[in-house]
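Coordinate analysis (summary)
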Amino acid sequence: RMYLNDFKREYTINSLEELYELLLKRYTHNANYFILTFQDEGFPQLTAFVKANEAVLYYLDTTESFISESTTKTDTTAIFYENEYSQIFLPKANILPITDFYKAAELFFITKSKPINITWTAL
């Protein structure tokens, strides 16, 4: 089983179909913030700030943390949301297409480890 938190609540996920359905949810600002994990301790964890068709991903385990790396090299930032009211400014150099997030979430669900379809930068 996987646990997913978003802007509104926590869900228990038992299948890829349930996961796909929840990853489509968007709220205020066409955004959401997802936390995916398997254990009560919360690690490993895949998190994603999502807005429209873009996402910034983080992978956290007990010893290391990573952020997604885009092919776009820029020093500018984009606005995402931690919840329906709080903005967060994330580097555009870490923004991925939403399809990359969907694939990463699927791999995380299956393998319970860092998704290999993403280029990661250690934090």
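Residues numbered from 1 in each chain as written. Predicted model: local features only at pLDDT ≥ 70, side-chain atom pairs only at ≥ 80, totals over all residues. Heavy atoms only, no water.

A few points about the pairing of strand β4 (residues 45-51)
Of all 7 residues making up β4, 6 are buried, and the element is well covered by its neighbours. The sheet contact formed by strand β3 (residues 31-37) and β4 spans 7 bridges and is antiparallel. Each bridged residue has a counterpart across the sheet, and for Phe34 the counterpart in β4 is Ala48. Strand direction decides the pairing type here: β4 and strand β5 (residues 54-60), joined by 7 bridges, are antiparallel. If you follow Thr47 over to β5, its bridge partner there is Tyr58. Counted along the chain from β4 to the antiparallel partner β5, the turn is 2 residues long, and its residue Ala52 has a positive phi close to 55°. (Buried < 20%, exposed > 50% of the residue type's maximum accessible area, 1.4 Å probe, protein only. Helix = DSSP H or I, 4+ residues; strand = E, 2+ residues; numbered from the N terminus. Pairing = 2+ DSSP bridges.)

Here's the deal with the side chain of Thr37
Within the fold, Thr37 resides in strand β3. Among the polar contacts listed, one links the side chain of Thr37 to the backbone oxygen of Gly42, at a separation of 3.3 Å. At 2.9 Å, the side chain of Thr37 forms a polar contact with the backbone oxygen of Pro44. Setting aside its immediate chain neighbours within four residues, Thr37 contacts Met2, Tyr3, Gly42, Phe43, Pro44, Gln45 and Phe108. (Polar contact = N/O pair within 3.5 Å; in protein donor to acceptor, adjacent residues only side chain to side chain. Contact = heavy atoms within 4.5 Å.)

What to know about the side chain of Thr47
Tracing the sequence through the fold places Thr47 in strand β4. Apart from residues no more than four positions distant in its own chain, Thr47 is found in contact with Tyr33, Phe34, Ile35, Val56, Leu57 and Tyr58.

Looking at unusual backbone geometry
In this structure, Pro44 follows Phe43 across a cis peptide bond, with omega equal to -5°. As for its position among the elements, Pro44 is in the loop between β3 and β4. For His29, which is not glycine, the phi torsion reads 65° and is therefore positive. Following the sequence through the fold, His29 ends up in the loop between α1 (16-23) and β3. Despite not being glycine, Ala52 shows a phi value in the positive range, around 55°. Along the polypeptide, Ala52 turns up in the loop between β4 and β5.

Topic: the pattern of salt bridges
Following the criterion strictly, the structure yields 2 salt bridges and no others. Here Glu84 ties to Lys8 by a salt bridge, and the two come within 3.1 Å at their closest N and O atoms. Note that Glu84 is positioned in the loop between β7 (77-81) and β8 (87-91) and Lys8 in the loop between β1 (2-5) and β2 (10-13), a separation of 76 residues in sequence. We note a salt bridge from Glu106 to Lys103, for which the minimum N-O separation is 3.5 Å. Note that Glu106 and Lys103 are positioned in helix α2 (residues 98-111) at a spacing of 3 residues, about one turn of the helix. By relative accessible area, Glu106 is classed as buried at 19%. (Salt bridge = Lys/Arg side-chain N within 4 Å of Asp/Glu carboxyl O.)

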